[in-house]
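# Coordinate analysis (summary)
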Amino acid sequence: MNKLDHVGRSPFVGKPLYALQDVDEPNLFREHFTYRDVPRIPFDWHRVPMALPDDIFITDTTFRDGQQAREPFTAQQIVDLYRMLHRLGGRSGLIRQSEFFLYTQRDREALRKCRELGYKYPEVTGWIRANINDFTLVREAGLAETGILTSVSDYHIFNKMKKSRAEAMEDYLKIVRASIEADVLPRCHFEDVTRADIYGFVLPFAQRLRALADECRTKIKIRLCDTLGFGVPYAEAAIPRSVPKLVWLLHHEADFPSDWLEWHGHNDFHKVHINTMTAWMYGCAGGNATLLGIGERTGNSPLEALVVEYLALKGPDANIDTAAITDIAQYFERELGDRIPHNQPFVGSEFNVTRAGIHVDGVLKDEEIYNVFDTTHLLNRPVGVIIGDKSGAAGIAYWVNSCLKLTGDQAISKRHPAVEAIHRWVMQEYDNGRATSISNEELLEQARRHLPHLFRGELEQVRDRAIAEAEKILKWASENRKIISMNPDVIQPVIEKIVDENPFIQRMYVTDSNGVQITDNATDEPLRAAYERDHDVKGTDKSDRQWIRKTLQKPAVHVSDFYTSTITHKLCFSAGVPVLDYRDQLVGVIGADLNFEELAEDVDQSASPMPIGVPHPAGTPRRSMNARAARAKKA
């Protein structure tokens with residue numbers, strides 16, 4: 001049956017009305033899917049036009065499909081990653097939703113904690129089977145939207161579910177109607193759509209859904225699921241495999257608005273990203289993805305790649321924090337123990353690293369020659385080099401300049417005697433039979449030997465690392481919704497817990513937007529009395545402290561110089577961290593006194609000696625900020 005063979009006209013959209021073909025035998029498209037051979041791509045050579053929606057967006061399934069391919073995340077890991085999703089695209093609404101499992105206590109706890117953060121985006125949604133009993137979980141979670149598994153290919157309907165098409169459709173419509181009656185927006189996941197009978201089942205089902213949406217005056221979404229990655233981005237290809245035609249048919253023939261449609265792909269044939277982008281280009285507003293492309297079997301569309309694709313299509317957006325991509329990658333490696341392929345775009349340890357001396361020579365002259373964009377600005381990832389027998393003196397000069405942050409007149413050239421000496425040492429290593437690249441630690445040792453005047457004091461290096469580690473926790477605290485509330489009674493338990501878990505924080509407090517301390521000091525009990533004796537307590541005007549004053553004047557993290565604490569007589573520094581509300585308005589400041597000696601001890605135990613900007617080996621273990629607390633508890 002072709003698309004002109006219809007039984008009438010739909011009264012609600014004025015489109016061809018497709019009748020369900022309730023066949024006795026499944027249509028498995030054996031002319032293309034022989035199973036024994038690589039599936040053939042059918043072409044009909046007809047084209048459909050591009051129609052990029054004005055508003056395209058990303059939906060996330062890291063905590064649903066992504067968890068089907070790995071060890072389950074803990075609740076806290078989900079919360080951490082959800083925060084970073086918000087940083088990356090939640091504030092702009094680009095990352096519109098994030099999908100959660102509901103079946104385990106861990107997932108329900110993570111869902112609750114993420115919702116408590118109060119972010120508008122990504123909106124938390126659920127996923128259930130087409131089972132009426134599963135709606136209990138949706139209602140208990142208080143969700144406004146849920147995905148529903150509605151498989152559409154005969155492979156699933158006949159061979160897995162053992163049903164007829166008519167039975168499957170009626171069961172699906174029953175669960176969708178139940179969702180609407182429960183005031184939960186249904187999102188129908190058209191599983192295995194790229195092997196489905198489009199005119200015999202998919203379009204008739206979609207039109208029934210569209211009629212139901214009109215009848216109930218509600219939205220019903222469709223997620224087109226390319227379950228085995230059979231979709232192709234060619235407009236001239238035939239259905240069911242042509243992504244352009246599938247989107248066009250659902251948009252035009254079934255009359256689904258662009259923002260009611262999502263594309264969900266898999267990477268079995270290396271087409272997951274281009275297929276998702278193609279769905280955008282032909283009228284599907286939603287692109288479903290996971291962080292780093294994790295997902296069942298070959299994975300889903302990499303969410304970070306879609307963010308970059310969006311910027312390429314729509315232009316810069318100040319509300320999108322692309323540097324979060326680097327933080328997410330580091331979290332996966334250090335916190336989760338994942339090994340990201342070193343050459344994976346945007347997140348791999350060597351994606352913007354070169355080994356070839358001729359390329360490094362070009363980078364020395366103009367970084368733009370061999371770098372895709374300003375990765376330092378957008379991703380906080382400077383161009384890097386890996387030194388080997390092909391790197392040449394240019395590679396060594398670039399490594400030294402990057403490592404020591406030497407620019408302008410301070411930068412050294414590839415003809416510098418020290419660079420030539422290091423290059424001779426490198427080549428001697430390979431002449432002696434070396435087969436591995438030169439490690440950063442070895443290069444650092446050579447640089448110290450030949451360029452001693454360029455190295456800062458060890459204390460300053462440790463201080464920089466210590467400040468960077470402390471800032472991570474303080475910034476995290478500043479985004480806590482309870483602290484953002486600026487309610488002292490709500491804030492106090494939070495900062496007490498942070499101090500308890502991080503012994504290097506000598507004291508923490510919160511001021512209002514004028515610099516007046518609104519909480520009690522969060523600190524150990526003996527120190528609390530000492531601060532009180534100094535009248536350094538709640539109600540004190542802290543605006544004269546330079547780290548508080550600077551933060552009030554310019555909302556950013558500001559730290560003081562070293563000083564010896566009059567309370568503990570230890571070497572300390574203090575920090576001010578802005579607290580911003582959801583309109584990014586300054587509502588207060590977190591103040592913290594940090595015991596440098598305790599923090600530096602933990603940092604020094606695990607921190608790499610390499611300065612920021614030098615590539616680190618994949619899988620570098622993350623230093624626990626609670627290491628001293630754990631040792632104290634054990635003792």
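No experiment lies behind these values; they were computed from the predicted model shown.

With that out of the way, let us pick up the overall build of the chain. On a plain count of helices and strands, the chain comes out with 22 helices and 15 strands. Total accessible area on the chain is roughly 28400 Å²; 50% of this is exposed by carbon and sulfur atoms.

What follows deals with the side chain of Glu-99. Relative to the assigned elements, Glu-99 resides in strand β2 (residues 95-100). A residue is classified by how much of its surface remains accessible, and Glu-99, at 1% relative accessible area, is buried. Polar side-chain contacts of Glu-99 include one of 2.8 Å to the side chain of Thr-61. Among the polar contacts made by the side chain of Glu-99, one reaches the side chain of Arg-223 at a distance of 2.9 Å.

Right, let's talk about the environment of Asp-197 for a bit. As for its position among the elements, Asp-197 is in the loop between β5 (185-190) and α6 (198-216). In this structure Asp-197 comes out as buried when scored by relative accessible area, which is 14%. Each C-alpha atom of the pair Asp-197 and Val-152 lies 8.0 Å from the other, and the pair is 45 residues apart in sequence. In this structure Asp-197 touches Gln-21, Asn-27, Phe-29, Arg-165 and Val-202, once residues within four positions along its chain are discounted.

Below, the discussion takes up the packing of aromatic side chains. Summed over all chains, the structure comprises 18 aromatic pairs. Above the face of the Tyr-155 ring, Arg-195 is positioned so that its terminal group lies 3.7 Å from the ring centre. Of note, Lys-542 hangs over the ring of Tyr-509, and the distance from its end group to the ring centre comes to 4.7 Å.

Of all 10 residues making up strand β14 (residues 571-580), 8 are buried, and the element is well covered by its neighbours. Judged from the 2 bridges that link them, strand β12 (residues 558-559) and β14 form a sheet pairing that is antiparallel. Considered in β14, the bridge of Val-559 is made with Ala-575. In the sheet, strand β13 (residues 563-564) pairs with β14 via 2 bridges, with the strands oriented antiparallel. Each bridged residue has a counterpart across the sheet, and for Tyr-563 the counterpart in β14 is Cys-572. Between β13 and β14, which pair antiparallel and follow one another directly, the connecting turn spans 6 residues, one of which, His-569, has a positive phi of 60°. Bridge analysis of β14 against strand β15 (residues 586-595) gives 9 bridges, and the strand direction is antiparallel.

With that out of the way, let us pick up unusual backbone geometry. Between Tyr-121 and Pro-122 the backbone carries a cis peptide bond, its omega angle lying at -5°. Omega for the peptide link from Ile-239 to Pro-240 comes to 10°, which places this bond in the cis form. Looking at where Pro-240 falls in the secondary structure, it is placed in the loop between β6 (221-226) and α7 (243-253). Unlike most non-glycine residues, Phe-29 shows phi in positive territory, near 50°. Along the polypeptide, Phe-29 turns up in the segment before β1 (57-60). Among the residues examined, Phe-29 registers a relative accessible area of 11% and is labelled buried. Positioned with a positive phi, Asp-192 is a non-glycine residue whose angle comes to about 65°. Among the secondary structure elements, Asp-192 is positioned in the loop between β5 and α6.

Think of it this way: side chains of opposite charge can pair up when their charged atoms draw near. Applying the stated criterion across every chain, the model contains 41 salt bridges. One salt bridge connects Asp-255 with Arg-210, and the closest N-O pair in it is separated by 3.7 Å. Remark: Arg-210 occurs in helix α6 and Asp-255 occurs in the loop between α7 and β7 (261-265); sequence separation between them is 45 residues. The exposure class of Asp-255 is partly exposed, given its relative accessible area of 23%. Taking relative accessible area as the criterion, Arg-210 reaches 10% and is therefore assigned buried. Glu-262 is the salt-bridge partner of Arg-223, the closest N and O atoms lying 2.9 Å from each other. Within this pair, whereas Arg-223 is found in strand β6, its partner Glu-262 is found in strand β7, the two being separated by 39 residues in sequence. The same class applies to Arg-223 as to Glu-262, namely buried.

Thresholds, definitions, all that
- Along every chain, residues carry numbers that run from 1 in the direction the sequence is written.
- The predicted origin of the model limits local features to residues at a pLDDT of at least 70 and limits the giving and counting of side-chain atom pairs to 80 or more, whereas totals for whole chains, interfaces and linings rest on all residues.
- Computation of side-chain values: all heavy atoms of the structure, hydrogens and water removed.
- Only DSSP runs of H or I covering at least 4 residues are called helices, and only runs of E covering at least 2 are called strands; the numbering of each starts at the N terminus.
- Methods summary: accessible areas were calculated by the Shrake-Rupley approach with a probe of 1.4 Å, and residue burial reflects only the protein chains presented.
- Burial classes: relative accessible area under 20% of the type maximum marks a residue as buried, over 50% as exposed, and values in between as partly exposed (1.4 Å probe, protein chains only).
- Under this definition, polar contacts are N or O atom pairs within 3.5 Å; protein pairs additionally need one hydrogen-donor-capable and one acceptor-capable atom, and for neighbouring residues in sequence, both atoms have to be side-chain atoms.
- Here a residue-residue contact requires only that any non-hydrogen atoms of the pair lie within 4.5 Å.
- Working definition: a ring pair exists when centres of Phe, Tyr or Trp rings (six-membered ring for Trp) sit within 6.5 Å. Plane angles under 30 degrees give stacked, over 60 give edge-to-face, the rest tilted.
- Only when the NZ atom of a Lys or the CZ atom of an Arg is both within 6 Å of the ring centre and within 35 degrees of the ring normal do we say a charge sits over the ring.
- Note: two strands are recorded as paired if DSSP finds a minimum of 2 bridges between them.
- Salt bridge, as applied in this entry: a Lys or Arg side-chain nitrogen positioned within 4 Å of an Asp or Glu carboxyl oxygen.

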